Every structure is written in C-alpha cells, then in structure tokens.
Amino acid sequence: QVQLVESGGGLVQPGGSLRLSCAASRISVSIYAMAWFRQAPGKERELVAIIDSAGSTDYVDSVKGRFTISKDNAKNTVYLQMNSLKPEDTAVYYCRGGERPHFYWGQGTQVTVSS
C-alpha cells in the first residue's frame, strides 16, 4: 500500500528554520505531483506548496519567499524547507501525493513556532 511518512517537525522560535521530509513508498514522486498542506487548530486544511512531476513549484502567498518545496527522485522523498518561521505557521503539516481521484496522505508532523 502507498505510504507517506512525514518527519522533521518540532518546536522552533520565531525566525527559525525547519526542514520537513516526506518519504514515499509505492508511489513515485517523479511521476506524481506532491504537495504539503497544513492545518492549524480550528482552521481548514490549506495547501502550502506543490511540486509537479517536472519540478515546477507553487506556493500559497503567505509562505512565498520563506518556504521551498523540493524533491529527490532517487530517494523518493519530498522536502519542505521553512525559513523565517512565524507563529502563524504553527500547524500540523501533511504530505499528499497522487492524482484525482486517488490522493494519499501522510499522518502529519507538528510544527510549533513559539518563543
């Protein structure tokens, strides 16, 4: 079965950095678009960043210039480099892969930005 396993979350001070990883199995990151979503308490899940099979990327406006999505096809892993973190970035971050109607989700990793 398809598995997406996120890691790299944690507690960081405002202005700090984290790098999230999403290790994929039974789904190729070189073929499918991969995305990072996040969900803060009491809010809907939102798309943060997406990378397509060719490596083209797109971001929600609130993270442009601070976050970078990338992938390593050989490791079948997707990354989210997060810099200049703000308290409002606090959320559970989820990795998603696949295409309609079959999307697959990881279990999520908590990111907390607080002093």
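Residues numbered from 1 in each chain as written. Predicted model: local features only at pLDDT ≥ 70, side-chain atom pairs only at ≥ 80, totals over all residues. Heavy atoms only, no water.

**Q** Describe the pattern of salt bridges, and please don't skip the residues or the numbers.
**A** In total, this model carries four salt bridges according to the counting rule given. Across the salt bridge formed by Glu 46 and Arg 38, the nearest N and O atoms sit 2.6 Å from each other. The partly exposed category is assigned to Glu 46, whose relative accessible area is 30%. Two residues, Arg 66 and Asp 89, come together in a salt bridge whose shortest N-O distance is 2.8 Å. Here Arg 66, found in the loop between β6 (57-59) and β7 (67-72), pairs with Asp 89, found in the loop between β8 (77-82) and β9 (91-99); they are 23 residues apart in sequence, far enough to count as distant. Of the two residues, Arg 66 and Asp 89, neither departs from the other in class, the shared state being buried. (Salt bridge = Lys/Arg side-chain N within 4 Å of Asp/Glu carboxyl O. Buried < 20%, exposed > 50% of the residue type's maximum accessible area, 1.4 Å probe, protein only. Helix = DSSP H or I, 4+ residues; strand = E, 2+ residues; numbered from the N terminus.)

**Q** Give a detailed account of the environment of Glu 6, specifying residues and quantitative values.
**A** Tracing the chain through its elements places Glu 6 in strand β1 (residues 3-7). Taking the relative accessible area as the measure of exposure, Glu 6 reaches 5% and is therefore buried. Here the alpha-carbon distance between Glu 6 and Glu 88, two residues 82 residues apart in the chain, equals 20 Å. Not counting the four nearest positions on each side in its chain, Glu 6 is found in contact with Ser 21, Cys 22, Trp 36, Tyr 93, Tyr 94, Cys 95, Gly 106, Gln 107, Gly 108 and Thr 109. Within the structure, Glu 6 has its side chain in polar contact with the backbone nitrogen of Cys 95 (distance 2.7 Å). A polar side-chain atom of Glu 6 sits 2.9 Å from the main-chain amide nitrogen of Gly 108. (Contact = heavy atoms within 4.5 Å. Polar contact = N/O pair within 3.5 Å; in protein donor to acceptor, adjacent residues only side chain to side chain.)

Geometric values such as these leave the question of function open.
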